[in-house]
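A look at the structure
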Amino acid sequence: MNGNLQVMKFGGTSVGNAECIRRAAEIVARAAGEGSVVAVVSAMGGVTNRLIEAAQASAVGDIGAAGNLAETLRQQHQGAIEILVGDGDKRAQLAAELKEIIEEVTSLCRGTALLRELTPRTLDAISSAGERLSARLLASALRELGVNAAAIEATELIVTDNHSGRAEPLISETRERATARLAPLLAERSVPVVTGFIGATVDGMLTTLGRGGSDYSATILGAVLDAKEIIIWTDVDGVLTADPRLVPEARTLQEISYNEAAELAYFGAKVLHPKTLRPVSEASIPVWIRNSFLPEQNGTKITATGHPTRRGVKAITAMSNVTLITVGGRGIVGLPGVAAKTFTAAASAQANVLLISQSSSGNDICFIIDSGDAARTVAELRAAFASDLAHKEVEHITVNADIAIVAVVGERMRGTPGIAGRTFSALGRRGINIIAIAQGSSEYNVSLVVEAGEMREVVQALHSEFGLQRRASRFESVESESALASV
Ligand code: ADP
Ligand code: ASP
Ligand code: MG
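This section reports on the structure supplied with the text. Since the model is a prediction, treat every value here as computed from it, not as a measurement.

1. Some points on the site of ligand 1
Around ligand 1, the structure places 17 residues, and the nearest of them are Thr-234, Asp-235, Leu-240, Arg-245 and Lys-270. Residue Leu-240 places a main-chain N or O atom 2.8 Å away from a nitrogen atom belonging to ligand 1. One of the side-chain nitrogen or oxygen atoms of Asp-243 is found 2.9 Å away from an oxygen atom of ligand 1. Relative to its free-state accessible area of 570 Å², ligand 1 is covered by the protein chains to the extent of 90%.

Dropping the structure here:
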């Protein structure tokens, strides 16, 4: 639609308070002076969690949860309005708009508490309120800077299927709607400030794209609007060689490929929602990850090729809140259909199977899922294997929630000799027990399952084994590391 368009997404911390919202507005205003911008905004930090907690408390009959929520939201957002908007009339008008959204969400919580029932559809409606509030704040902050801006509900733009809580976009419908709605605004040099995280079905039922989904909103819009680039503004300098909360000396990567970034996101790098790269990789639209608190830094550029001539380990990721499920027993060797039955059961529980692993005995089928899916999955497995368990063909279905997945990620690693060896000997030297090794078909990672309590040590050990730590310059390219020459 516009060869000069930038889509800029601001995460929860980047719009966490009035000062951050003003900083975000300044970033957008600067870009809007040079070309077209569509802003995509997350809820203020912590708001989505608070909304979900209030919904869940209401579902078990806590009548007071709605009122407490309303008061917290009012205070947080009203505080920001007072700092951001100078003119009294405009301030009152914005406060009234936000109040209406807060009342809507409060009524939904009250209804939930009365019925003691929380449907996925209602949960989506409640959890979407944070973005609806913050988009209006950012649009107002932009107008304060003299930029023509309009808050837009993504329900008018992003068309999805009807899977509440994890909806998928319907791209051609989204392209049609988003273009029809946004092109006139962009033509009059207005900046649309779109609610991240949210979409709606063709019939207009509100859906959400999953936690952390505003990154996905930004790339969906960037793809359908044929943006020049997408910039994801967050609270770290870019994609780092590890989560800086686990490895303080982690370093910013200058450029990585879509495949590497997707692998990192899938295996726990929270900086990107796992589906973020899907919409843009085909059209090769570059995605930048940049620090909204230090906008003068370059950040990380994600492109089709990354550093095409280099290979080797780029980063270490970690994932906790996952559960290892084992279906096993001597009887399952050669028993037909066990794998099929196992994964059919996981699929009926709608579990997100993160990896399938090999246990040392070979008598087991192990797989890892999000811990939130564990109870449902085990129930499905017990039902599916009821008669095998009774006849002792399957001896056990066990659950271990005390584990973590650590992945070593980089371009074309499969078949690169030495990486697995170095990984295992680095951990062996420290006496760390590897519970299972992942059998991924991807060329981009080697992953292992370790005890949750050892996750931090494992990540740090592998980060230093592959020489990823920061040196003189934070932006020094990892690809120039001598340690990589040998992998
Ligand atoms: P936002 O609210 O901007 O969407 P998130 O909290 O979702 O931000 O993601 C940013 C966080 O991701 C960082 O603060 C960092 O702790 C975490 N993170 C995990 N792994 C990485 C990594 N490899 N590189 C950068 N950040 C990472
Ligand atoms: N606000 C939503 C969440 O907390 C979406 C996002 O921030 O990306 O999950
Ligand atoms: Mg995020």
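2. Observations regarding the site of ligand 2
In the region of ligand 2, the neighbouring residues are Ser-42, Ala-43, Thr-48, Glu-131, Phe-197, Arg-211, Gly-212, Gly-213 and Ser-214. The contact in question runs from an oxygen atom of ligand 2 to an N or O atom on the side chain of Ser-42, over 3.2 Å. Contacts to ligand 2 include Thr-48, whose side-chain N or O atom sits 2.8 Å from a nitrogen atom. Taken by itself ligand 2 offers 270 Å² of open surface, and the protein chains cover 86% of this. Residue composition of the shell around ligand 2, grouped by class: 2 nonpolar, 5 polar and 2 charged.

3. Considerations on helix H15 (residues 455-465)
Buried residues of H15: Met-455, Val-458, Val-459, Ala-461, Leu-462, His-463 and Glu-465, and no others. Close packing links the buried residues of H15 with strand S11 (315-328), strand S14 (396-409), helix H14 (419-429) and strand S16 (445-451). One or two steps after H15, the chain reaches Gly-467, where phi turns positive at roughly 60°.

4. Focus: the environment of Thr-303
Among the secondary structure elements, Thr-303 is positioned in strand S10 (residues 300-303). By relative accessible area, which is 12% here, Thr-303 ends up buried. Expressed as a C-alpha distance, the spacing of Thr-303 and Glu-26, which sit 277 residues apart in the sequence, is 26 Å. The contacts of Thr-303, once residues within four sequence positions are left out, are Glu-255, Ile-256, Ser-257 and Tyr-258.

5. Concerning unusual backbone geometry
The backbone of Arg-189 shows a phi angle near 60°, a positive value even though the residue is not glycine. Assessed through its relative accessible area of 54%, Arg-189 is described here as exposed. In the Ramachandran plot, Ser-284 falls in the positive-phi region, its phi being about 55° despite a non-glycine side chain. Overall, Ser-284 belongs to the partly exposed group, its relative accessible area being 43%.

What counts, and at which threshold
- Residues numbered from 1 in each chain as written.
- Chains lettered and ligands numbered in written order.
- Predicted model: local features only at pLDDT ≥ 70, side-chain atom pairs only at ≥ 80, totals over all residues.
- Heavy atoms only, no water.
- Near = heavy atom within 4 Å.
- Polar contact = N/O pair within 3.5 Å; in protein donor to acceptor, adjacent residues only side chain to side chain.
- Areas by Shrake-Rupley, 256 points an atom, 1.4 Å probe, with all protein chains shown as cover.
- Nonpolar A, V, L, I, M, F, W, Y, C, P; charged D, E, K, R; others polar.
- Buried < 20%, exposed > 50% of the residue type's maximum accessible area, 1.4 Å probe, protein only.
- Helix = DSSP H or I, 4+ residues; strand = E, 2+ residues; numbered from the N terminus.
- Contact = heavy atoms within 4.5 Å.

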